[in-house]
Amino acid sequence: MSTTVKKSPLNRAALEFKSSTFSVPVLVLSGNVPDVIQEQLEKKIGLAPDFFKNSPVVFDLQALNKQGLPIDVAMLADILRKSKLMPIGIRGGTQSQVEIAASLHIPVYSVHNSFSETGSFHQDKDKTEPQPETQKTTINTLVNHPIRSGQRVYSAGDLTVTAQVSAGSELFAEGSIHVYGSLRGRALAGVQGNANARIFCLDLQAELISIAGNYKISEDLQGHLRNRPVQIYLQENSLIIKDLV
Amino acid sequence: MARIIVVTSGKGGVGKTTTSAAVAMGLAKKGHKTAVIDFDVGLRNLDLIMGCERRVVYDFVNVISGEALLNQALIRDKHCDLLYVLPASQTRDKDALTQEGVGKVLEDLSKDFKYIVCDSPAGIEKGAHLAMYFADDAFVVTNPEVSSVRDSDRMLGILSSKSRRAEQNLESIKEYLVLTRYSPDRVKLGDMLSVDDVQDILSLHLLGVIPESKSVLSASNAGVPVILDEKSDAGQAYEDIVARYLGENRPHRFIEEKKGIFGKLFGGK
Ligand SMILES: Nc1ncnc2c1ncn2[C@@H]1O[C@H](COP(=O)(O)OP(=O)(O)OP(=O)(O)O)[C@@H](O)[C@H]1O
Ligand SMILES: [Mg+2]
């Protein structure tokens, strides 16, 4: 065991750089009105307050800048912090936005950098079969072990779990969620608003399912579709649950 | 190098200490030098179950804070020469345990022992976290009821994400299910979850089922780990668990209702 702090001989290494990947939510802005941003942000966070509390976030200004909409980066960072998010990066910013960010100690990420889209359990390249419902990204986060009560997983793209998902756990995906086992926890697909996201599972016993903010709780899920393989999608703002086979 | 086993559960009162004492005794009786450590600072009772409470001079906290040497604090079991107990302090508060201190004690014990059994306190706070942090194997003690199963599930999540092995990207902790206080009659009445129900929820390797048994209470009153009561069902069930852990293949017992000797012997699935 290497936990003891020995009076170190000179050659004993005190540190080491390791490469790790983290899954960090990206906030893609498409409007620049501060009040509206704040209001919509609060609404989204309200869906999963525990998950977002003190969560790091990278904000993406590419869409704004394409529309030529200016935004005050310092003010945006303030809004995020007020909502208990921790801005840890900017991407898609203009030269001056990037400079302001740097002066606020917010690192810059390039749009092509996969940093923000890589889950910690991410297994590379499922790129041969892009899912039609996730135009934004084809990154798939794969989890090969059970997700236990109290655990949370966030995917910036699709999320595939090849084991069970326990009651008391939470899955979030900007794209679709696939569970090859029992789904007993909460599953929120399309958390950034993708209404085409879907949820698939082999055994529906979920505490809550949600697609792009439209949700049903366990109580609404009684009846013949429980304990069966189903897919769940959004049609005219209502959740449809259908037998998979 | 020793193998470090944590006996954990999340929920309190499910049989962790009973299991720690029995398993440690079982391993020692099979010829492996074993230490069992009480991590329940402030609520110690492993020493009572092991029947060594009157021989406690120094404890785990004394060792960590440098007030005693490990050898001074280890108590040799009176039934088995290969078994040693490291008792918890009754008087100190939980903050006396530090990750660094625990790591050092385990490292020192590892040089001399084959197995180290860590009896975790209930909950998911610091004491429970330290008990499991260095583990190689986890015995997740669960009672056949919903709240206990849920807490075990939570503990499994913590084992797979907050342990040393998880943090250092090593091979993950081996997790085993120990289902205790099982009562086939009450399962049949629908008062308790069945083995299958629990397995279905936790999807975990079942190491064994310990029946609800009066022998557990009498053993703890006598200060003798129940595994030494070879005639008792609970004692035999713990013996099976130790054998299975060491690689033996034994059919599961005590899962079916009592129906005579054959039902008992061949009751496993
Ligand atoms: N198989 C069993 N049959 C009957 N009683 C049992 C059994 N296992 C444990 N008990 C009883 O349950 C109680 C709690 O057991 P024990 O102290 O081992 O649990 P624990 O998980 O260590 O509790 P804590 O969380 O307080 O440390 C004790 O009174 C014990 O005698
Ligand atoms: Mg105990």
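Residues numbered from 1 in each chain as written. Chains lettered and ligands numbered in written order. Predicted model: local features only at pLDDT ≥ 70, side-chain atom pairs only at ≥ 80, totals over all residues. Heavy atoms only, no water.

Draft legend 1. Here's a closer look at the site of ligand 1. All names here are of chain B. The environment of ligand 1 is formed by 15 residues, the closest being Gly13, Lys16, Thr17, Thr18 and Arg181. Contacts to ligand 1 include Gly13, whose backbone N or O atom sits 2.9 Å from an oxygen atom. The separation between an oxygen atom of ligand 1 and a polar side-chain atom of Thr17 is 2.8 Å. Of all the elements in the fold, those that place two or more residues in the shell around ligand 1 are α1 (16-29) and β8 (205-211). When residues of the shell around ligand 1 are assigned to their parent elements, the largest contribution, 3 residues, is made by α1. Residue classes in the shell around ligand 1 are distributed as 5 nonpolar, 6 polar and 4 charged. (Near = heavy atom within 4 Å. Polar contact = N/O pair within 3.5 Å; in protein donor to acceptor, adjacent residues only side chain to side chain. Helix = DSSP H or I, 4+ residues; strand = E, 2+ residues; numbered from the N terminus. Nonpolar A, V, L, I, M, F, W, Y, C, P; charged D, E, K, R; others polar.)

Draft legend 2. View of the packing of aromatic side chains. Taken as a whole, this structure holds 8 aromatic pairs over all chains when the rule is applied. Seen in terms of ring centroids, Phe39(B) and Phe60(B) are 5.1 Å apart; in terms of plane orientation they differ by 75°. Their pairing is edge-to-face. With Phe39(B) in the loop between β2 (34-38) and α2 (46-49) and Phe60(B) in helix α3 (residues 60-64), this residue pair connects regions lying 21 residues apart in the sequence. The pair Phe39(B) / Phe60(B) is uniform in exposure class, with both members buried. Relative to Tyr245(B), the ring of Tyr115(B) has its centre 5.9 Å away and its plane inclined at 65°; by these criteria the two rings are edge-to-face. Separated by 130 residues along the polypeptide, Tyr115(B) in strand β5 (residues 115-119) and Tyr245(B) in helix α12 (residues 233-245) bring together distant segments of the chain. Relative accessible area serves as the criterion here: at 10%, Tyr115(B) is assigned to the buried category. On the accessibility criterion, Tyr245(B) (12% relative accessible area) is buried. By way of ring pairs, the aromatic residues Tyr115(B), Phe139(B), Tyr176(B) and Tyr245(B) are connected into one cluster. The residue whose ring lies beneath Arg198(A) is Tyr233(A), and the NZ or CZ to ring-centre distance is 4.3 Å. Positioned above the aromatic ring of Phe113(B) is the side chain of Lys33(B), whose terminal nitrogen or guanidinium carbon lies 4.8 Å from the ring centre. (Phe/Tyr/Trp six-rings, centres within 6.5 Å; stacked < 30°, edge-to-face > 60°. Buried < 20%, exposed > 50% of the residue type's maximum accessible area, 1.4 Å probe, protein only. Lys NZ or Arg CZ within 6 Å of the ring centre and 35° of its normal.)

Draft legend 3. Layout of the state of the cysteines. Residues and elements named next belong to chain B. On inspection of all chains with the given rule, the structure shows 0 disulfides over all chains. The cysteine Cys52 is free of any disulfide, with Cys80 supplying the nearest cysteine sulfur at 13 Å. Given the relative accessible area of 3%, Cys52 is considered buried. Look at Cys80 and you get buried, because its relative accessible area is 9%. (Disulfide = S-S within 2.5 Å.)

Draft legend 4. Region of interest: the packing of helix α7 (residues 146-162) of chain B against helix α10 (residues 195-202) of chain B. Residues and elements named next belong to chain B. At their nearest, the axes of α7 and α10 sit 10 Å apart, and the two run at 35° to each other. Handedness of the α7/α10 crossing: right-handed. Here Val149, Ser152, Asp153 and Leu156 of α7 lie close against α10, whose contacting residues are Val198, Ile201 and Leu202. In terms of residue class, the contact of α7 with α10 is made up of 5 nonpolar, 1 polar and 1 charged. (Axes fitted to C-alpha atoms, helices over the stretch in contact; angles between N-to-C directions. Left-handed = near helix turned anticlockwise from the far one by under 90°. Contact = heavy atoms within 4.5 Å.)

Draft legend 5. Region of interest: the interface of chain B and chain A. At the junction of the two partners, chain B supplies 24 residues and chain A supplies 17 residues. Buried area between chain B and chain A, summed over both chains or domains, comes out near 1600 Å², and the portion from carbon and sulfur atoms is 47%. Its largest share of buried area at the contact with chain A, chain B owes to Glu107(B), Arg150(B) and Asp153(B), together 29% of the area lost on that side. Our count for the chain B to chain A interface comes out at 3 salt bridges. A salt bridge links Asp153(B) to Arg148(A); its shortest N-O distance comes to 2.9 Å. For the interface between chain B and chain A, the tally reads 9 residue pairs in polar contact (both at pLDDT 80 or more). The set of elements that each furnish at least two residues to the side of chain B that touches chain A consists of α5 (99-112), α7 and α10 of chain B. When residues of the side of chain B that touches chain A are assigned to their parent elements, the largest contribution, 7 residues, is made by α7(B). Within the side of chain B that touches chain A, the residues separate by chemical class into 8 nonpolar, 7 polar and 9 charged. (Buried area = accessible area lost by both parts, 1.4 Å probe. Salt bridge = Lys/Arg side-chain N within 4 Å of Asp/Glu carboxyl O.)

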